[in-house]
Structures are given as structure tokens and as C-alpha cells.
Amino acid sequence: MYDELTKQDIAKMEEEIEYRKLVVRKKALAAVKEAREHGDLSENFEYHAAKKDKNQNESRIRYLERMIKTAKVVSDESKEDEAGLNHTVEVYFEEEDETETFTLVTTVRGNSLKGLISIESPLGKAVFGHKAGDRVNVKVNENYSYDVTIISVGKQVNDEEISIRKF
């Protein structure tokens, strides 16, 4: 499965990769070198911690590079009155008799605790491209689905306000 990313997502990822290669990598290598000079490596906590930090940085670089390489680039352009990327959407959940507001984002920006719902999630897929007043079915799996009504579609949120998820 390919992650759907916007050009801005890719640009931010490339920026992070460059920062990690030019700044974080140098600091991590210096920390490993300094810790190595403290003597016996088998009982040197600082050395093991520095190596772990260096390896986590390299792992993050590889992860970001792989995501960029395999990404499917999607447009963040959409009509003002329909739910699209970076739009705030208010929906009514019929089963719970509750409303919820969230922003539709790409997978790497998804964070349900902050109200950022991925367009690849069941709810995101269901409301994407629909307008206020539309009733849509959210299919969670083969055995369960539910209906929501889109109450309103807000303006597009500034792309800079939404960060890329860290792992």
C-alpha cells in the first residue's frame, strides 16, 4: 500500500531528512566517539545510549526516504464547499447522537487525538469529496458500518499548522 502524500508533505519530509543528515547525524557521531573514549565498552552506558540515538536517527532517515520513494502524490486542491485535504469537517454521528469536528489530512499527519483524521481511514474515505448536508455510510469492515451526516465543511487549514507525525 502506498501512502498518499501532498507535495508539501514530501517537502517537509525532505527538509527533515536533510536536517537529520547534516545536524543530528554529526552530533550523534560525536557523542558515540566521545563515549567510546571513556573506556570499557561492555559496561559503558553512555556509549550504548549514544549508539542507540545514532541508530534511531538513521532509522528515521531510512523510513522517511522509503515513504517518499513509495508515495502516491495527491493534490490538496478541492472545491471550497466539499470536504477535501486540510478542510475542517463537522459531522453528526447518528448512533451516538453526537457531533464531532475534525480536519482531513494525509496519513503521515493523522492524529485522532488532535482531531486530524486521515483520508485513508474509514471516516476520512467516507466524507472526502462530499458536501454539507450529505449523509454518508462509513464502512469500518465487512460486518460493521454506520451513517454520519456532514453538518458543515470549513475553510482549508493552513498546511504549516499541521505537523508530520513522528514515530
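Residues numbered from 1 in each chain as written. Predicted model: local features only at pLDDT ≥ 70, side-chain atom pairs only at ≥ 80, totals over all residues. Heavy atoms only, no water.

Even without glycine at this site, Asn 86 takes up a positive phi of about 65°. Following the sequence through the fold, Asn 86 ends up in the loop between β2 (72-73) and β3 (87-93). Owing to a relative accessible area of 4%, Asn 86 belongs among the buried residues under this scheme. You will see that Asp 97, though not glycine, has its phi angle at about 55°, which is positive. (Helix = DSSP H or I, 4+ residues; strand = E, 2+ residues; numbered from the N terminus. Buried < 20%, exposed > 50% of the residue type's maximum accessible area, 1.4 Å probe, protein only.)

Turning our attention to the environment of Glu 95. Mapping Glu 95 onto the fold places it in the loop between β3 and β4 (98-105). Classification of Glu 95 by relative accessible area gives exposed; the value is 51%. Sequence spacing of Glu 95 and Asn 55 is 40 residues, and the spatial spacing of their C-alpha atoms is 47 Å. Excluding residues that lie within four positions of it along the chain, Glu 95 makes contacts with Tyr 144, Ser 145 and Tyr 146. At 3.0 Å, the side chain of Glu 95 and the side chain of Tyr 144 are in polar contact. (Contact = heavy atoms within 4.5 Å. Polar contact = N/O pair within 3.5 Å; in protein donor to acceptor, adjacent residues only side chain to side chain.)

The next subject is the packing of aromatic side chains. By the definition in use, this model includes two aromatic pairs. Geometrically, the ring pair formed by Phe 93 and Tyr 146 is tilted, given 6.0 Å between the ring centres and 35° between the ring planes. Note that Phe 93 is positioned in strand β3 and Tyr 146 in strand β7 (residues 145-156), a separation of 53 residues in sequence. Side by side, Phe 93 and Tyr 146 carry an identical accessibility label, which is buried. (Phe/Tyr/Trp six-rings, centres within 6.5 Å; stacked < 30°, edge-to-face > 60°.)

To continue, consider the pairing of β3. Here β3 shows one buried face, formed by His 87, Val 89, Val 91 and Phe 93, and one open face, formed by Thr 88, Glu 90 and Tyr 92. By the bridge criterion, six bridges tie β3 to β4 in an arrangement that is antiparallel. Bridging from a neighbouring strand, Val 91 pairs with Glu 100 of β4. Linking β3 back to β4 in an antiparallel pair, the connection comprises four residues, with Asp 97 at a positive phi of about 55°. (Pairing = 2+ DSSP bridges.)

The next subject is a nonpolar patch on the surface. On the surface, a nonpolar cluster with roughly 270 Å² of combined accessible area is contributed by Tyr 19, Leu 22 and Val 23. For Tyr 19, the position within the fold is in helix α1 (residues 7-36). Assessed through its relative accessible area of 46%, Tyr 19 is described here as partly exposed. (Patch = residues over 30% accessible without salt bridge, like charges linked within 9 Å, V, L, I, M, F, W, Y side chains within 5 Å. Areas by Shrake-Rupley, 256 points an atom, 1.4 Å probe, with all protein chains shown as cover. Salt bridge = Lys/Arg side-chain N within 4 Å of Asp/Glu carboxyl O.)

Time to look at the nonpolar core. Core analysis: the biggest nonpolar cluster contains 19 residues, and Val 89, Val 91, Phe 102, Leu 104, Leu 123, Val 127 and Val 148 have the highest contact counts within it. Among the secondary structure elements, those contributing two or more residues to this core are β3, β4, α3 (122-127), β6 (135-139) and β7. Here this core takes four residues from β7, the largest share from any one element. If we skip the residues at most four places from it in the chain, Phe 102 touches His 87, Thr 88, Val 89, Val 91, Gly 115, Ile 117, Leu 123 and Val 127. Ranked by size, the runner-up nonpolar core spans 10 residues in total, among them Leu 5, Ile 10, Met 13 and Ile 61. (Core = buried A, V, L, I, M, F, W, Y, C linked by side-chain atoms within 4.5 Å.)

Between its first and last C-alpha atoms helix α2 (residues 45-70) spans 37 Å; for 26 residues at 1.5 Å apiece the expected length is 38 Å, and the two agree. For α2, the complete set of buried residues consists of Tyr 47, Ala 50, Lys 54, Asn 57, Glu 58, Arg 60, Ile 61, Leu 64, Met 67 and Ile 68. (Expected span 1.5 Å × (residues − 1).)

Below, the discussion takes up the packing of α1 against α2. With their axes 9 Å apart at the nearest point, α1 and α2 run at an angle of 160° to one another. In terms of axis orientation, α1 runs roughly antiparallel to α2. Here α1 and α2 pass one another in a crossing that is left-handed. Here the residues of the contact of α1 with α2 sort into 15 nonpolar, one polar and 12 charged. (Axes fitted to C-alpha atoms, helices over the stretch in contact; angles between N-to-C directions. Parallel < 35°, antiparallel > 145°, perpendicular 65-115°, else oblique. Left-handed = near helix turned anticlockwise from the far one by under 90°. Nonpolar A, V, L, I, M, F, W, Y, C, P; charged D, E, K, R; others polar.)

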